[in-house]
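Observations on the model geometry
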Amino acid sequence: MAVGSSTPRRPGRSARAAAAPALDEIDKAIIRALQVDGRMSYAKLGPEVGLSQAAVRQRVQRLTDSGVMQVVAVTDPLSVGFTVQAMIGVRAEGDLRSLGANLGAIGEIDYVVITSGAYDLLLEVVCEDNDHLLALVNDVIRATPGVRSAEVFTYLDLIKQTYSWGTR
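All values reported here derive from a predicted model rather than from experimental measurement.

Scanning the chain from N- to C-terminus turns up six helices and six strands. Beginning at the N terminus, the succession of helices and strands in the chain can be written as β-α-α-α-α-β-β-α-β-β-α-β. When the 168 residues of the chain are sorted by exposure, 32% land in the buried category.

Dropping the structure here:
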């Protein structure tokens, strides 16, 4: 398991930052420990961060309820039948938040970010095969109102993916 961002819908970064509770050193220690082992029991986690099992359970619940962290299972797409991953750069017109939310509702799209620079949005997709990717890009993404163009960057190999950036 990994602790970090994933597919559930959340408000934009600035809204999350404004609503995020202040983290103390114990919260940060909990996050760091769960980023190493998301399956760690409360019985083991509590003493590691200086709390009882009940107290650490409450802290983890508060951190997840507030959206500061999620504990999720991260799979290797190749191991579960998906052979194609790609990043798609989208040039858009109109409201980027609205377009991002619309695209984010598409099941194959697992990452949507509003960017500056050459693309207005970046999308990460996981597809069963090239035909699936073609249908997604041609029939769904490019057909979405507000999408001017979409450039596909197919992953040839994934060298590094991590969710353990820690806390500050």
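For side chains of opposite charge, pairing can occur when their charged atoms come near one another. Throughout the structure, instances matching the rule amount to four salt bridges. Note that Asp 27 is salt-bridged to Arg 59, the shortest N-O span being 2.9 Å. Placement of the pair is Asp 27 in helix α2 (residues 25-36) and Arg 59 in helix α4 (residues 53-65), with a sequence separation of 32 residues. Between Arg 62 and Asp 27 there is a salt bridge, with its nearest N and O atoms 2.7 Å apart. Remark: Asp 27 occurs in helix α2 and Arg 62 occurs in helix α4; sequence separation between them is 35 residues.

This part covers the side chain of Glu 124. Assignment of secondary structure puts Glu 124 in strand β5 (residues 121-127). Other than its neighbours up to four places away in sequence, Glu 124 contacts Gln 85, Ala 86, Met 87, Glu 108, Ile 109, Asp 110, Tyr 111 and Tyr 155.

Remark: helix α3 (residues 42-49) packs on α4, axes separated minimally by 8 Å, with the N-to-C direction vectors making an angle of 95 degrees. In terms of axis orientation, α3 runs roughly perpendicular to α4. Facing α3, whose interface residues are Tyr 42, Ala 43, Leu 45, Gly 46 and Val 49, α4 presents Gln 53, Val 56, Arg 57 and Val 60. Across the contact of α3 with α4, the residue classes tally to six nonpolar, two polar and one charged.

This paragraph deals with the pairing of strand β3 (residues 84-92). Of all nine residues in β3, eight are buried; the element is thus mostly enclosed. Note that β3 and β5 share seven bridges and pair antiparallel. Bridged to Ile 88 within β5 is Leu 123. Of the pairings in the sheet, the one linking β3 to strand β6 (residues 147-154) comprises seven bridges and is antiparallel in character. Each bridged residue has a counterpart across the sheet, and for Val 90 the counterpart in β6 is Ala 150.

About the cut-offs
Residues numbered from 1 in each chain as written. Predicted model: local features only at pLDDT ≥ 70, side-chain atom pairs only at ≥ 80, totals over all residues. Heavy atoms only, no water. Helix = DSSP H or I, 4+ residues; strand = E, 2+ residues; numbered from the N terminus. Buried < 20%, exposed > 50% of the residue type's maximum accessible area, 1.4 Å probe, protein only. Salt bridge = Lys/Arg side-chain N within 4 Å of Asp/Glu carboxyl O. Contact = heavy atoms within 4.5 Å. Axes fitted to C-alpha atoms, helices over the stretch in contact; angles between N-to-C directions. Parallel < 35°, antiparallel > 145°, perpendicular 65-115°, else oblique. Nonpolar A, V, L, I, M, F, W, Y, C, P; charged D, E, K, R; others polar. Pairing = 2+ DSSP bridges.

That's the geometry; what it means functionally is another story.
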